[in-house]
Amino acid sequence: ALPHYSARSLCSSRRGCHVVPLPVVRPYEPCTFSRPARAGASGVSTPSASRPIRSVSELMPTWQGEEFLERVLAALASHELALPWELRVIDSGARDRTLEILESGRTRRGVPLVVESIHQSAFDHGDTRNLLAARSRGDLLVFLNQDALPAAQPWLATLVRNFDDARGGADYCR
């Protein structure tokens with residue numbers, strides 16, 4: 001069994017924290033994200049590289065995400081992926097249009113979109129991502145930030161394909 005690293009042990013800052021709960025991080029094929037003015041990151045983890053991937057969960061914490069969220073949801077809606085996938089979001093008390101945008105995104109998407117709210121004081125970069133992971137259904141977990149825009153398709157399919165190599169335990173996009 002692979003060791004589990006807590007998100008707090010991997011996160012040295014509260015900005016742009018990126019959770020990869022497996023010890024091996026290897027990029028195979030490049031997949032890119034464009035970065036808006038604010039920083040963001042994306043990461044992927046899987047419980048076992050030897051198990052076939054049958055579904056994907058994209059996991060995104062949000063707070064005051066109005067500025068980029070519509071563009072991010074539009075980009076995610078255009079995935080070219082043959083596997084079933086879902087988007088799970090935990091919002092930590094946004095007072096802008098974040099929840100409204102997520103709700104409108106729910107009606108435009110052909111995949112499950114699950115939105116949960118927590119109090120802002122309950123938010124923690126690692127713990128919130130761990131909560132998203134615990135509630136996910138996918139074999140592969142893709143961690144997203146609300147302000148990271150996929151630069152090109154098929155970034156998710158490329159990311160998933162990297163796990164065809166059983167030697168990989170985690171992958172990431174920049």
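Residues numbered from 1 in each chain as written. Predicted model: local features only at pLDDT ≥ 70, side-chain atom pairs only at ≥ 80, totals over all residues. Heavy atoms only, no water.

> Whenever I open this one, the pattern of salt bridges confuses me. Can you help?
Two side chains carrying opposite charge are able to pair once their charged atoms lie near each other. All told, the structure shown has 7 salt bridges when counted by the stated rule. Taking the shortest distance from any N to any O, the salt bridge between Asp139 and Arg54 comes out at 3.6 Å. Taken as a pair, Asp139 in the loop between helix H4 (125-135) and strand S6 (140-143) and Arg54 in the loop between strand S2 (42-45) and strand S3 (56-62) lie far apart in primary sequence, 85 residues in all. One salt bridge in this structure joins Asp165 and Arg167, with 2.5 Å as the shortest N-O distance. Residue Arg167 is classed as exposed on the basis of its relative accessible area, which comes to 59%. By sharing partners, the salt bridges in this structure join Glu66, Glu70, Arg97 and Glu100 into a single network. (Salt bridge = Lys/Arg side-chain N within 4 Å of Asp/Glu carboxyl O. Helix = DSSP H or I, 4+ residues; strand = E, 2+ residues; numbered from the N terminus. Buried < 20%, exposed > 50% of the residue type's maximum accessible area, 1.4 Å probe, protein only.)

> What am I meant to see in the environment of Ile118 here?
Structurally, Ile118 can be placed in the loop between strand S5 (113-117) and H4. As for Ile118 and Ser92, which are separated by 26 residues in sequence, their C-alpha atoms are 4.9 Å apart. Setting aside anything within four residues of it in sequence, one finds Ile118 in contact with Ile90, Asp91, Ser92, Gly93, Phe123 and Thr128. (Contact = heavy atoms within 4.5 Å.)

> Is there a simple way to explain the nonpolar core in this structure?
Buried together is how nonpolar side chains tend to be arranged in soluble globular proteins. In terms of nonpolar packing, the biggest core is built from 27 residues, with Val56 and Trp155 touching the most fellow members. Elements with a minimum of two residues in this core: S3, helix H2 (66-77), strand S4 (85-91), helix H3 (98-108), S6 and helix H5 (155-161). Judged by nonpolar contacts, the second largest core, of 6 residues, contains Leu59, Ile118, Leu132 and Leu141. (Core = buried A, V, L, I, M, F, W, Y, C linked by side-chain atoms within 4.5 Å.)

> Where do I start with the pairing of S3 in this structure?
Counting buried residues in S3 gives 7 out of 7 residues, a clear majority hidden from the surface. Residue alternation in S3 divides its side chains into two sets, Val56, Glu58, Met60 and Thr62 and Ser57, Leu59 and Pro61, and both sets are buried. Across 7 bridges, S3 lies against S4 in parallel orientation. The partner of Leu59 across the bridge, within S4, is Arg88. As judged from the 4 bridges shared by S3 and S6, these two strands associate in the parallel manner. (Pairing = 2+ DSSP bridges.)

> Hey, could you run me through the environment of Leu59 in this one?
Looking at where Leu59 falls in the secondary structure, it is placed in strand S3. For the pair Leu59 and Leu87, spaced 28 residues apart in sequence, the C-alpha separation works out to 6.0 Å. Excluding anything up to four places from it in sequence, Leu59 contacts Arg88, Leu132, Ala133, Ser136, Leu141, Val142, Phe143 and Leu144.

> Would you take a moment to explain the side chain of Arg88 for this structure?
Mapped onto the elements of the fold, Arg88 is located in strand S4. Contact partners of Arg88, with chain neighbours within four places excluded, come to Glu58, Leu59, Met60, Val114, Leu132, Arg135, Ser136 and Arg137.

> Quick question: what am I supposed to make of unusual backbone geometry here?
Keep in mind that most residues, glycine aside, have a negative phi and that most peptide bonds are trans. Note the cis peptide between Gln153 and Pro154, where omega equals 0°. Assignment of secondary structure puts Pro154 in the loop between strand S7 (149-150) and H5. Positive phi outside glycine occurs at Gln64, with the angle close to 50°. On the secondary structure map, Gln64 appears in the loop between S3 and H2.

> Please explain the confidence of the model for the protein as it appears in this structure.
Here the protein averages 75 in pLDDT, and 68% of its residues register 70 or above. Mean pLDDT in the protein bottoms out at helix H1 (residues 7-10), which sits at 32, and peaks at S3, which reaches 96. (pLDDT = per-residue confidence, 0-100.)

> What exactly am I supposed to notice about H2 here?
The α-helix advances 3.6 residues per turn, and as a result positions three or four apart in sequence lie on the same side. Relative to the 16 Å expected for 12 residues at 1.5 Å per residue, H2 spans 17 Å between its end C-alpha atoms, a close match to the ideal helical length. Listed as buried for H2 are Phe68, Leu69, Val72, Leu73, Ala75 and Leu76. End-on, the buried residues of H2 take up no more than an arc of 160°, which puts them together on one face. (Expected span 1.5 Å × (residues − 1). Arc of directions from axis to C-beta.)

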